[in-house]
Amino acid sequence: MARLLRGRWLFALLALVLLVALLSYRAYFSSTNAAIRHAEGFLFRRMSVAQLAEQSGYRFFYASNRVPGTDETDLAERFTPQRQNQLSFGSFDTTIQPSLGLGMLVNPTEWLQNEEIRFDKVQSLAQQDFVKQLREQVEDSPHHAILIVLHGFREGYESALRKTAFLGHVLDINAPVMLFDWPGDQGSGLGPYRRARDVAIASGAELAKTLQLVVDEVQAEQVWVLANSMGAEVVVNAFSLLYQDRDFADADREIQHVVLTAPDVDHQQFDQQFKRELSALTEHLTVYVSSNDRALLVSRLVNRGRRRGESTLSPDQLDEAIRVSHLTEPGSDLVTLVDVTPVNRTRNFHNFSLETPEFFNNLFLRLTNPEMPNSRPIYHVQTADGTVYSVLTRGR
């Protein structure tokens, strides 16, 4: 019995030693890997114009048409979900861990608690100070450009700031990033969804004012607009207003790129009206779509019509791509339709613009090159009339 007990003690001790060794091994190599990624994050970086004195500190900007809240010191209370026809301006300084990347934020509902992005200073700015600071970053940018970002339905002010910082960090273009924050956080459900759509349509007026301010006073040589989901509704309504402005809708297009990702915009209305207006005001319009976008399928049921972000392409049915390609015109690269179905691996298939590496790679190439270069993961489907439709794949 004593021998048996001694053997069990020896076995337990050996198991404990092995466990300690394994944990030490994993801790050493995981910390080493983290250290390497941290160093690489500092070493390989393009977004220098937004960088503050601290290596991991970055400044972004916002313009908002929300009604101000009761407590400016509390982000949750700084703005309400109500719309006004006045604009508020500001900047937000963040500390972003260089190790942060795609796949780090596993659950979007935990973004507000995630320590990879920390708000250091969120401040309101008078319009002239906003323009001055933004222009300084634009002038320092090698592209002399600005990226304006819009998010979609149910997006609150604080989460919109965080998502904008994350997008700017991952895209890593050396140009200032500005959020146009509209009150899409109208609640959950059918009623709030319809209310948010009305707010999005009305918010087009404030976005139009913002775009005019950027073009006339910030004087960026390149203006890039990136809108996701219902944020696209704000964009197309802003362009409808700008289209009626003779000075803005002249022969020279003031907006270089408009990019709509999974746009939640009425399909028929987009084809008949918005496509013409957007094309008249921008040099390039790119629409990213996905046929496995469950969120847009729900939107289709609610609105009793097909949404623009919903394609009909499945990976083994390229003939369906031809049916959607009527958006583009033969011989013209003004309008580009890109289906991301083969690379859309997101949880609800709606957030590929924040979670899909292939999308970020493709977007970076489009924004930073006068003409879209050939890319290995991009395949083109050409219709009989010469229309080209693009499919983004994982490559080989």
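The preceding data block contains the structure.
Residues numbered from 1 in each chain as written. Predicted model: local features only at pLDDT ≥ 70, side-chain atom pairs only at ≥ 80, totals over all residues. Heavy atoms only, no water.

Chemist: Would you mind going over the pattern of salt bridges in detail, with residue names and values included?
Modeler: Summed over the entire model, instances satisfying the criterion amount to 9 salt bridges. The residue K132 makes a salt bridge to E136 at a minimum N-O spacing of 2.8 Å. Of this pair, K132 and E136 are both found in helix 3 (residues 127–140), 4 residues apart, which corresponds to roughly one turn of the helix. R197 is paired through a salt bridge with D264; the nearest N and O atoms lie 3.1 Å apart. A residue pair is termed long-range when its members are at least 10 positions apart, and R197 in helix 5 (residues 190–218) and D264 in the loop between strand 7 (255–261) and helix 7 (267–281) qualify at 67 residues. Classification of R197 as buried rests on a relative accessible area of 10%. Three or more residues joined by partner-sharing salt bridges are found here, namely R66, D181 and D185. (Salt bridge = Lys/Arg side-chain N within 4 Å of Asp/Glu carboxyl O. Helix = DSSP H or I, 4+ residues; strand = E, 2+ residues; numbered from the N terminus. Buried < 20%, exposed > 50% of the residue type's maximum accessible area, 1.4 Å probe, protein only.)

Chemist: Let's hear about the environment of L87: which residues, and what values?
Modeler: When you line up the elements, L87 lands in strand 2 (residues 79–96). A relative accessible area of 21% places L87 in the partly exposed class. C-alpha separation for the pair L87 and S64, spaced 23 residues apart in sequence, amounts to 5.5 Å.

Chemist: Go over the packing of helix 3 against helix 5 with me, naming the residues and quoting the values.
Modeler: Relative orientation of the contacting elements helix 3 and helix 5 amounts to 65 degrees, with a least axis distance of 10 Å. Our classification of the angle between helix 3 and helix 5 gives roughly perpendicular. When you trace helix 3 past helix 5, the crossing you get is right-handed. Residues Q127, F130, V131, L134, R135 and V138 of helix 3 lie in contact with helix 5, whose contacting residues are L213, E217 and V218. Across the contact of helix 3 with helix 5, the residue classes tally to 6 nonpolar, 1 polar and 2 charged. (Axes fitted to C-alpha atoms, helices over the stretch in contact; angles between N-to-C directions. Parallel < 35°, antiparallel > 145°, perpendicular 65-115°, else oblique. Left-handed = near helix turned anticlockwise from the far one by under 90°. Contact = heavy atoms within 4.5 Å. Nonpolar A, V, L, I, M, F, W, Y, C, P; charged D, E, K, R; others polar.)

Treat this as a map of the structure, not an account of what it does.
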